[in-house]
Amino acid sequence: MPKLDEVIKSLNKSFKTDIITKDNNANTLGGREKVMFRSPSLQYLFYGGLPVHTLWEISGQYSSGKTVLTMDIAGQFQKHYKAKWEQEVEELQSTANPNKSQKEQLSRLLENGYKKVVWLDSEHSLDSVWAAKNNLDVDDIIYIKPQEESAEQLLDACLALIESDGVCLLVIDSIAALTSGAALSKSLTEKTYCGIAGPLTTFTSKLLPIMSKFDCTVICINQQRDTLDSMFKQTHTPGGQAFKYGTSCRLELRKGKSLDDNWNEIPNKEGYHAGQVIEVQILKNKLSNPSRRVTKLTLMYETGLNPVVDTINLAITFGLIKKAGAWFSIVGENGEAKVHENGDTMKWQGLANVIRYMQEHEEVYKEVFDAVNTIVEQE
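These numbers come from a predicted model, not from an experiment.

Novice: Could you clarify how one ought to interpret the state of the cysteines in this entry?
Specialist: A covalent bond between the sulfur atoms of two cysteines is what we call a disulfide. All told, the structure shown has zero disulfides when counted by the stated rule. Not engaged in a disulfide, the cysteine Cys 158 finds its nearest cysteine sulfur in Cys 220; these two sulfurs lie 8.7 Å apart.

Novice: Before we go on, may I ask you to explain the pattern of salt bridges in this structure?
Specialist: Here the structure, examined in full by the defined rule, presents eight salt bridges. With a closest N to O distance of 3.6 Å, Asp 215 and Lys 84 form a salt bridge. In this pair, Asp 215 is assigned in the loop between helix H8 (197-213) and strand E7 (217-223) and Lys 84 in helix H3 (residues 66-93), connecting sequence segments 131 residues apart. Judged by relative accessible area, Asp 215 falls into the buried class, the value being 14%. The class of Lys 84 is partly exposed, set by a relative accessible area of 31%. As a salt-bridge pair, Lys 115 and Asp 165 come within 2.8 Å of each other at their nearest N and O atoms. One end of the pair, Lys 115, is in the loop between helix H4 (100-112) and strand E4 (116-121); the other, Asp 165, is in the loop between helix H6 (151-163) and strand E6 (167-173), with 50 residues separating them in the sequence.

Novice: Can you walk me through the packing of aromatic side chains in this structure?
Specialist: Where two aromatic rings form a pair, the distance of their centres and the angle of their planes describe that pair. Under the definition given, this model contains six aromatic pairs. Ring centres 5.8 Å apart and planes at 70° place the aromatic pair Trp 85 and Tyr 114 in the edge-to-face group. Placement of the pair is Trp 85 in helix H3 and Tyr 114 in the loop between H4 and E4, with a sequence separation of 29 residues. Like Trp 85, the residue Tyr 114 is buried in the burial classification. Note on Tyr 365 and Phe 369: the rings are 5.8 Å apart at their centroids and 40° apart in plane angle, and the pair reads as tilted.

Novice: I would appreciate a short explanation of empty space enclosed by the protein in the present structure.
Specialist: Vacant regions in the atomic arrangement are exposed by a probe of water-molecule size rolled over the atoms. Applying the stated criterion to the full structure yields one cavity of 30 Å³ or more. Lining of the largest cavity is provided by Arg 38, Ser 39, Leu 42, Leu 69, Asp 72, Leu 297, Leu 305, Asn 306, Pro 307 and Asp 310.

Novice: Could you clarify how one ought to interpret the packing of helix H11 (residues 351-360) against helix H12 (residues 362-376) in this entry?
Specialist: Helix-helix packing is characterised by the crossing angle of the two axes and by the distance between the axes. Remark: H11 packs on H12, axes separated minimally by 5 Å, with the N-to-C direction vectors making an angle of 110°. As far as their axial angle goes, H12 and H11 are roughly perpendicular. Judged by residue contacts, Tyr 357, Met 358 and Glu 360 of H11 engage Glu 362, Val 364, Tyr 365 and Val 368 from H12. Residue composition of the contact of H11 with H12, by class: five nonpolar, no polar and two charged.

Novice: Would you mind going over the sheet that holds E4 with me for this structure?
Specialist: Here we have nine strands laid out as an open sheet, ordered E5-E4-E6-E7-E3-E10-E11-E12-E13, and mixed in their pairing. The open sheet has two free edges, formed respectively by strand E5 (141-144) and strand E13 (304-305), since each of these has just one partner strand. H6 rests against E4, E5, E6 and E7 of the sheet, and its axis sits at about 165° to E6.

Novice: What should I look at first to understand the nonpolar core in this one?
Specialist: The tendency in soluble globular proteins is for nonpolar side chains to be buried as a group. With 36 residues, the main nonpolar core has Phe 46, Trp 56, Leu 69, Ile 73, Phe 77, Leu 169 and Leu 251 as its most contacted residues. In terms of residue count, the dominant contributor to this core is H3 (seven residues). If we skip the residues at most four places from it in the chain, Leu 69 touches Leu 42, Ile 58, Leu 251, Leu 253, Leu 297 and Leu 305.

Novice: For this particular structure, what's the right way to read unusual backbone geometry?
Specialist: Glycine aside, residues mostly have negative phi angles, and peptide bonds mostly take the trans form. Residue Ser 174 is reached from Asp 173 by a cis peptide bond, and omega for that bond is 5°. With a phi close to 65°, Lys 16 is a non-glycine residue in the positive phi region. Position of Lys 16 relative to the elements: it lies in the loop between helix H1 (3-15) and strand E1 (34-35). For Lys 16, a relative accessible area of 77% gives the class exposed. Even without glycine at this site, Asp 215 takes up a positive phi of about 55°.

Novice: I'm lost on H11 in this one. Help?
Specialist: Counting along an α-helix, one turn takes 3.6 residues, and residues three or four places apart therefore face a common direction. Every buried residue belonging to H11 is among Ala 352, Val 354, Ile 355, Tyr 357 and Met 358, and all of these are buried. If you follow the buried residues of H11, they end up packed against helix H10 (307-317), strand E15 (327-329), strand E16 (347-349) and H12.

Novice: Where do I start with the side chain of Lys 66 in this structure?
Specialist: Along the chain, the position of Lys 66 falls in helix H3. Of the side chains with opposite charge, Glu 123 lies nearest to the buried Lys 66, which makes no salt bridge, at 6.5 Å. At 3.0 Å, the side chain of Lys 66 forms a polar contact with the backbone oxygen of Gln 61. Sequence-distant contacts of Lys 66, defined by excluding residues within four places in its chain, comprise Ile 58, Ser 59, Gly 60, Gln 61, Ile 221, Asn 222 and Leu 253.

Novice: Would you explain the sheet that holds E16 in this entry?
Specialist: Within a sheet, neighbouring strands are paired by backbone hydrogen bonds and run either parallel or antiparallel to one another. Taken together, three strands build an open sheet; the order of strands is E14-E15-E16 and the sheet is antiparallel. Two strands in the sheet have a free side with no partner beyond their single neighbour: strand E14 (322-324) and E16. Each adjacent strand pair in this sheet contributes to an overall mean axis angle of 20°, direction not counted. Looking at chain direction, E14 and E15 are connected through three bridges and run antiparallel. Among the inter-strand pairings, Ala 324 is bridged to a residue of E15, identified as Trp 327. The sheet strands contacting H11 are E15 and E16, and the helix crosses E16 at an angle near 130°.

Novice: Looking at this model, I keep getting lost on a nonpolar patch on the surface. Mind explaining?
Specialist: Together, Val 7, Leu 11, Phe 15 and Ile 19 give the surface a local cluster of nonpolar side chains, amounting to about 350 Å² of exposed area. Mapped onto the elements, Ile 19 comes out in the loop between H1 and E1.

How each quantity is defined
- Along each chain, numbering runs from 1 in the same order as the chain's sequence is written.
- Owing to the predicted nature of the model, reporting of local features is limited to residues with pLDDT of at least 70; listing and counting of side-chain atom pairs is limited to 80 or more, with chain, interface and lining totals taken over all residues.
- Hydrogens are left out, water is left out, and the side-chain values use all remaining heavy atoms of the structure.
- Cysteine sulfur pairs qualify as disulfides if the two atoms are within 2.5 Å.
- Just to be clear on terms, a salt bridge is a Lys or Arg side-chain nitrogen sitting within 4 Å of an Asp or Glu carboxyl oxygen.
- The helix and strand labels rest on DSSP assignments: H or I over at least four residues marks a helix, E over at least two residues marks a strand, and numbering proceeds from the N terminus.
- Burial classification: accessible surface area is computed with a 1.4 Å probe over protein chains only, and a residue below 20% of its type maximum counts as buried, one above 50% as exposed, and the rest as partly exposed.
- Geometry of aromatic contacts follows a simple scheme: Phe, Tyr and Trp rings, the Trp one being its six-membered ring, pair when their centres are within 6.5 Å, and the pair is stacked under 30 degrees between planes, edge-to-face over 60, tilted otherwise.
- In the cavity and pocket records, a cavity denotes points on a 1 Å grid over the protein atoms alone where a 1.4 Å probe fits but cannot get out, a pocket denotes an open set with protein on both sides within 12 Å along at least 5 of 7 lines, and lining residues are residues with an atom within 4 Å of a point.
- Grid points are joined across faces, edges and corners, and a volume is the space filled by probe spheres set on the points.
- Lines fitted to the C-alpha atoms define the axes, with helices restricted to the stretch that makes contact. Angles between their N-to-C directions range from 0 to 180 degrees.
- If an angle is under 35 degrees, it is roughly parallel; if it is over 145, roughly antiparallel; if it lies from 65 to 115, roughly perpendicular; otherwise it is oblique.
- Working rule for contacts: check all heavy atoms of both residues, and any pair within 4.5 Å makes them a contact.
- Amino acid classes used here: Ala, Val, Leu, Ile, Met, Phe, Trp, Tyr, Cys and Pro are nonpolar; Asp, Glu, Lys and Arg are charged; the rest, including Gly, are polar.
- Strands pair, by our definition, only if DSSP identifies at least two bridges between them.
- In this description, a nonpolar core means a group of buried Ala, Val, Leu, Ile, Met, Phe, Trp, Tyr and Cys residues linked to one another through side-chain atoms lying within 4.5 Å.
- The positive count covers Lys and Arg only, the negative count covers Asp and Glu only, and His and the chain ends enter neither.
- Identification of polar contacts relies on pairs of N or O atoms within 3.5 Å, with a donor-acceptor requirement for protein atoms, meaning one able to donate a hydrogen and the other able to accept it, and with residues adjacent in sequence counted only if both atoms are side-chain atoms.
- Patches here: salt-bridge-free residues with over 30% relative accessible area, like charges joined within 9 Å, nonpolar side chains (Val, Leu, Ile, Met, Phe, Trp, Tyr) joined within 5 Å.
- All accessibility values rest on the Shrake-Rupley procedure with a 1.4 Å probe; residue burial counts only the protein chains present in the view.

Geometry only, nothing functional implied.
This is the structure we're talking about:
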């Protein structure tokens, strides 16, 4: 055995795990499991779903859609990990002659159940009704509602929960609302330095090695702050630089145009506002080809995020749905509007009618959704 291999073997033995390897594909992002976004607009940004075991920051001004987007993603994690657990249990239970390892694995899965979402609500703003409209099952999360705990205590609790191997996603809402122990121990007249940056730096350094080990992803919601020492209008997010360097992806959200009941943009501030456009910009992306930087999501105040509208907009952009004046259609090889197997002609007047039809006919929407995702996932 070459001397180098002997040293590697000896070191791994002393570390009690194989942290030194020659396998270049041991932890590549391309080979990681992904959780699908509901909106193909986000699929478009990342050429597919959200790679697990990654650290995210989602920031923006107030009412920009930060919590809404995070709820939607958390709901996808709930569905993904529950389905993954059910599939693994079913496969093990259907094994004719399971070996000892398989029996132990099945027993462990049945005892522990599927992995959960943990939501640290330091802003005390999680609304169960609104969450349900945005894809999140609040009855199936681990909820942390701080009282007088410091940031250090709360972040230590988060690490302990991750190391239990029962958490698939940790959400911190928000970084800016956490208060360090030093600040809590002083009065409002006394100054504190470092703020949340110090605790968050230590948390990040402890978090990064264990996310992959315990199959957990972390999303930190953050707020925008004005940069006071700049003569120009600039903003930054609290938490220090170490946290930003540790993230795999940083998204910045902005509140776009308001929408009416027919999903049309309202040109001014008058009238009834039924929803809004959420503008999403990537500030940092270590997860995929960074060539795609900006996209838009549709938020309706009565029903939450609307992936149907996003899907149709992309289908029009890609030519899957043809637009001719006020008419929209899915055209067949003969150039005429297709007739679906249910007998409906795939032609509509006005975008609102396209959206309503897709919302009422799930099988037609799924065909368009799958076609759009096939395109957006192509490099």
